[in-house]
Amino acid sequence: MTVLLEVRNLQKHFPVRGGLLRRIVAHVRAVDGVSFTLESGRTLGLVGESGCGKSTLGRAILQLQRPTGGEVVLEGTELTTLGPRRLLEMRREMQIIFQDPFASLSPRRTVAQTIREPLDVHGIGSASERDGKVEELLQVVGMRPQVMDRYPHEFSGGQRQRIGIARALALNPKLIVADEPVSALDVSVRAQVLNLIAKLQREHGIAFLFISHDLSVVEHVSDHVGVMYLGKLVEMAPAKEIYRDPRHPYTQALLSAVPSTSAARR
Amino acid sequence: MSGEPLLSVRDLVVEFSTERGVVRAVDRVSFDVHPNETVGLVGESGCGKTVTGLSILGLIPSPPGRIAAGSIRFQGRELVGLPESEFRRIRGQDIAMIFQEPMTALNPVFTVGNQMIDVLRRYRGLTRRQARGAAIELLAKVGIPAPEARIDEYPHQLSGGMRQRVVIAMALSCDPKLIVADEPTTALDVTTQAQVLEQMVILQREFHMAMILVTHDLGVVAETCHRAIVMYCGRIAEKAEIGPLFEHPRHPYTVGLLESIPRVGEHEKEDLAVIPGMVPDLLHLPPGCRFADRCRRRQPRCDEALPELDGREDDRSRVACYFPAEPPT
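All of the points below concern the structure found in this document. It should be emphasised that the depicted structure is a prediction, and the values quoted were computed from it without experimental measurement.

**Brief notes about the overall build of chain B**
Of regular secondary structure, chain B possesses 10 helices and 11 strands. Relative to the compact-globule value of 20 Å for 329 residues, chain B shows a C-alpha radius of gyration of 21 Å, a close match. For chain B, the spread of C-alpha atoms along the principal axes amounts to about 70 × 50 × 45 Å. When each of the 329 residues of chain B is scored for burial, the buried share is 53%. Taken as a whole, chain B presents about 14600 Å² of accessible surface, with 50% of it coming from carbon and sulfur. Mean positive and mean negative side-chain charge positions of chain B (38 and 44 charges, respectively) differ by 5 Å.

Structure follows, in structure tokens:
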């Protein structure tokens, strides 16, 4: 397996301003020295509770928020020092899926416009080729091409998330950061979307950074799992091992807190 | 369960008028809640669980909503059609509600103490000093550390978990007989959720309350409830004690839900079992079983008429399905 992504000592600090002159009085270390590697076609699950820095880490890797320090190497290219033009080129390789399928789609664009946008931005193919690609992408995510001219409000949460996934796939990326992609979905729909993500990975060899607070979902989709706490990775191990034999006390606490249906422990 | 039920809901129908027509959010729902027991109302978005909970407190916004039929009896007294002034006396004192987002229940411009003392003075007739003491005691009961200091803080100074504990303390302040908790821990992190749920179970026993826990999370139900009611599209699909429900679910919807949840400690990177399709539009419901077109046990009869719950109210397990999974004998 080849290494697709290498993150070295990544940091993202946010200034805290205070006093009369709004001077910077402190820094919040949202991501505080995180390092890991991700092989192509694999999934790294990132778990942690609110405020642990997992979403900021995802965004800092994609350079949606420029890191304060450290390096992000995608296919041999170091991203943190790239200028806007080179970065735009690299964005073809890396995409994001957001949590809230209601907020992440523009209500004024049709499904086709939404999915086409990355193709337009990067000037890929002729107009008719782009339309053909949109149709193909809709089929890949399990939607009928007839929905192309409809607007997001006409769809359920699960369908909207499929549209968001189709858009992320448009440029054939090698890496997708999925930030809580199923947290807003109902249980029965969640399984459909998780299976779709697994299928895409099998068929297209995409690597996923799968961010979630839900340990059971992360275990299901991931090859490796990283546990974040206060901006740091406190434990990282193959998914099987971390659940069978968690070593960090925080991981143990997280695991024991998950409400379980196999309980009926009472 | 034996004895008189505390709450008895019979054939409850709640309708909302929308621009597109009248939606029946709850359709002939019946259940009992006995003293000291926790009943889970579980289902996915739009199944009617929250509306059922709100009906019990007379909190259905009207218009557009209305209780179109049925009866809700609390300690033998009919609540449907009760005038607002009467309902106010019941709310808080006899039946309290806890919502998902604690800030909706807390006033941001008053300290925790002020809000609690107000309630305690009005409903329990305490003096200011007594009420402050009682408030501190309640805050300690719900697991807030250093309550004598916390009582003078404002809600924004507390974390989400602490806020929800304050809301629980307020709900307890009038010694209610029934608490309706609507997704009380959904907005909390998993470790905080575990603490708050554990506290709620302890308090429920200590205060001899009954509780209705409205949630989408079957794991939460399994760990906290005695019985659960699984709702789908405004109807009760299955109603059972926790043991039978999770060991031998009978309704194909319950079976599907349980199978589609990935379980911690069973790492398999295989496809999850899926319930195909989507929840039908409440405005265009089929005449037969509402789950039929997603169901693997579907037969012609399922499309003809709505199945009703089998058995009797005090059975351990009841299901509204013509072809349920039968428990092994």
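**Thoughts on the packing of helix H6 (residues 160-172) of chain B against helix H7 (residues 190-206) of chain B**
All names here are of chain B. Between H6 and H7, the least distance of the axes is 10 Å, while the angle of their chain directions is 15°. The angle between the axes of H6 and H7 places the two elements in the roughly parallel class. The way H6 lies across H7 gives a crossing that is right-handed. Packed against H6, whose contacting residues are Gly 161, Arg 165, Ile 168 and Leu 172, the element H7 presents Thr 192, Gln 195, Val 196, Gln 199, Met 200 and Leu 203 at the interface. Of the residues contributing to the contact of H6 with H7, the split by class is 5 nonpolar, 4 polar and 1 charged.

**Description of the environment of Leu 88 of chain A**
Residue and element names in this part refer to chain A. Topologically, Leu 88 is positioned in helix H2 (residues 84-91). Judged by its relative accessible area of 40%, Leu 88 is partly exposed. Separated by 33 residues in sequence, Leu 88 and Val 121 have C-alpha atoms that sit 9.4 Å apart. Beyond its immediate sequence surroundings of up to four residues, Leu 88 is in contact with Val 121 and His 122.

**Topic: the interface of chain A and chain B**
Between chain A and chain B, the contact holds 41 residues from the first and 42 residues from the second. Buried area between chain A and chain B, summed over both chains or domains, comes out near 3300 Å², and the portion from carbon and sulfur atoms is 55%. Taken together, the connections running from chain A to chain B amount to 10 residue pairs in polar contact (both at pLDDT 80 or more). For the side of chain A that touches chain B, the elements supplying multiple residues, two or more each, are helix H6 (187-204), helix H7 (215-221), helix H8 (239-244) and helix H9 (249-257) of chain A.

**Some remarks on the nonpolar core**
Counting 60 residues, the largest nonpolar core has Leu 172 and Ile 179 of chain B as its most contacted members. It is H6 of chain B that contributes the most residues to this core, 8 residues altogether. For Ile 179 of chain B, the residues in contact, after removing those within four places along its chain, are Ala 96, Ile 98, Ala 171, Leu 172, Met 209, Ala 210, Met 211 and Ile 212 of chain B. Core analysis: the next-biggest nonpolar cluster, separate from the first, contains 53 residues, Leu 137, Met 143, Ala 239 and Ala 257 of chain A among them.

What counts, and at which threshold
Throughout this description, residue numbers start from 1 for each chain and increase along the sequence as written. Chain labels run from A onward and ligand labels from 1 onward, assigned in the order the entries are written. In view of the model being predicted, local features appear only for residues whose pLDDT reaches at least 70, and side-chain atom pairs are presented and counted only at 80 or more, with totals across whole chains, interfaces and linings using the full set of residues. Note that the side-chain values use all heavy atoms of the structure and ignore hydrogens as well as water. Segments assigned H or I by DSSP are reported as helices when at least four residues long, segments assigned E as strands when at least two residues long, and all are numbered from the N terminus. Each radius of gyration reported is based on C-alpha atoms, and the globular scaling rule is 2.2 Å times the count of residues to the power 0.38. For the exposure calls, accessible area comes from a 1.4 Å probe over protein chains only, and a residue counts as buried if that area is under 20% of its type's maximum, exposed if over 50%, partly exposed in between. Note that accessible areas follow from Shrake-Rupley with a 1.4 Å probe, and for residues the cover is restricted to the protein chains shown. Think of it this way: Lys and Arg go in the positive column, Asp and Glu in the negative one, and His and the chain ends go nowhere. Charge positions are represented by NZ for Lys, CZ for Arg, CG for Asp and CD for Glu. Axis lines are fitted through C-alpha atoms, for helices just across the contact stretch, and the angle between N-to-C directions can take any value from 0 to 180 degrees. Oblique is the label for any angle not covered by the other classes, which are roughly parallel (under 35 degrees), roughly antiparallel (over 145) and roughly perpendicular (65 to 115). Crossings are sorted by hand: turned counterclockwise from the far helix by less than a right angle, the near helix makes the crossing left-handed, and turned clockwise it makes it right-handed. A contact between two residues is defined here by any heavy atoms of the two lying within 4.5 Å. Polar here means any residue other than Ala, Val, Leu, Ile, Met, Phe, Trp, Tyr, Cys and Pro, which are nonpolar, and Asp, Glu, Lys and Arg, which are charged; Gly is therefore polar. Here's the idea: put two parts together, see how much 1.4 Å probe accessible area each one loses, and the total over both is what we call buried area. Pairs of N or O atoms within 3.5 Å make up the polar contacts considered here, provided that, within protein, one atom can donate a hydrogen while the other can accept it, and that residues adjacent in sequence are counted only when both atoms are side-chain atoms. Each nonpolar core is a collection of buried residues, namely Ala, Val, Leu, Ile, Met, Phe, Trp, Tyr and Cys, held together in the definition by side-chain atoms within 4.5 Å.

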